[in-house]
Amino acid sequence: MQTLLLVDLQNDFFPGGALGVKEGDHIIPLVNEMMQYPFDLIVATKDWHPASHGSFSTTHHKTPGEHVKLGGIDQILWPPHCIQGTWGAEYAPGWDTTHIDHVVYKGTDPSIDSYSAFFDNRHYKDTGLDAYLKSKGAKNLYIAGLATDYCVRYTVLDAIQLGYTPYVIVEACKAVNLKPTDEQDSLEQMQIAGAHLIHFHDLKALIT
Ligand code: VGL
Ligand code: ZN
């Protein structure tokens, strides 16, 4: 049972988007190729915020990068991004989404952010992804997408806690890198927690 989990491949996270990740577009050909591999299940996430989400700098009349307390925990403020129903929240052009089995929406509660595809940042509410994956018998999760240091990282860490075995396809993830070391630190943290870091060119052999 092999599951591909694709994180936040949305216009706003690509170059030119509201929260554009450098070289984010480079991963699209890799993702299109891996979607041709014989995965049993393909799940995609969408960051899906209401217009005045608490993670947006504009909601607090502040500048992106400043911090506030949101739901009692630290929140870094982002430019408004992935607003429900807007172009920025749409899947990136050039990505063949026809084989996606299930979409997970996260960050919908204006009072708390949700980097992980499983839980909000306080771990109060879950998105339903765990129940969905367990109902399908998923165990190995092959993970790619944006951004390595936020949504990929926290999705992977929660996946380990929930008993999955995550494989992070390193070339198919790109980081925001507010600090230049964030990508490397995130990959190390995921690996120490129990994730497997794999290379794109080794993926096909693992799942065929
Ligand atoms: C993300 C920051 C804010 C992500 C989402 O997808 O990594 N990062 N919202
Ligand atoms: Zn977001």
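This structure is a prediction, so every number in the text was calculated from the model and none was measured.

A. Quick peek at the packing of helix α3 (residues 148-161) against helix α4 (residues 182-193). Relative orientation of the contacting elements α3 and α4 amounts to 5 degrees, with a least axis distance of 10 Å. On the basis of the axis angle, α3 is roughly parallel to α4. For the pair α3 and α4, contact is made by T148, D149, V152, R153, V156, L157 and I160 and by D182, E183, S186, L187, Q189, M190 and A193, respectively. Residue composition of the contact of α3 with α4, grouped by class: 7 nonpolar, 3 polar and 4 charged.

B. A look at the packing of aromatic side chains. Inspection of every chain in the model, using the stated rule, returns 8 aromatic pairs. Across from the ring centre of Y91, 4.4 Å away, lies the NZ or CZ of K46, which sits over that ring.

C. Structural view of the sheet that holds strand β1 (residues 2-7). Here 6 strands make up an open sheet; going across it, the order is β5-β2-β1-β6-β7-β8 and the pairing parallel. What marks the edges here is a single partner per strand, and that holds for β5 (102-106) and β8 (196-198). Ignoring strand direction, the axes of neighbouring strands in this sheet form an average angle of 25 degrees. As defined by bridge partners, strand β2 (residues 41-47) adjoins β5 across 5 bridges and the pair is classed as parallel.

D. Quick look at the pairing of β1. β1 sits mainly inside the fold: 6 of its 6 residues count as buried. Because side chains alternate across β1, one face comprises the buried residues Q2, L4 and L6, and the other comprises T3, L5 and V7, equally buried. Relative to strand β6 (residues 140-146), β1 is paired through 6 bridges, and the arrangement is parallel. Of the residues in β6, the one forming a bridge with T3 is L141. Both β1 and β2 contribute to a ladder of 4 bridges, which runs parallel. Looking across to β2, one finds that L6 is bridged to A44. On the question of chirality, the crossover connecting β1 to the parallel β2 by way of helix α1 (residues 28-34) is right-handed.

The rules we used
Residues numbered from 1 in each chain as written. Chains lettered and ligands numbered in written order. Predicted model: local features only at pLDDT ≥ 70, side-chain atom pairs only at ≥ 80, totals over all residues. Heavy atoms only, no water. Axes fitted to C-alpha atoms, helices over the stretch in contact; angles between N-to-C directions. Helix = DSSP H or I, 4+ residues; strand = E, 2+ residues; numbered from the N terminus. Parallel < 35°, antiparallel > 145°, perpendicular 65-115°, else oblique. Contact = heavy atoms within 4.5 Å. Nonpolar A, V, L, I, M, F, W, Y, C, P; charged D, E, K, R; others polar. Phe/Tyr/Trp six-rings, centres within 6.5 Å; stacked < 30°, edge-to-face > 60°. Lys NZ or Arg CZ within 6 Å of the ring centre and 35° of its normal. Pairing = 2+ DSSP bridges. Buried < 20%, exposed > 50% of the residue type's maximum accessible area, 1.4 Å probe, protein only. Right-handed = clockwise from strand over helix to strand, strands pointing away.

From the geometry alone we can't say anything about function, so treat these as descriptive.
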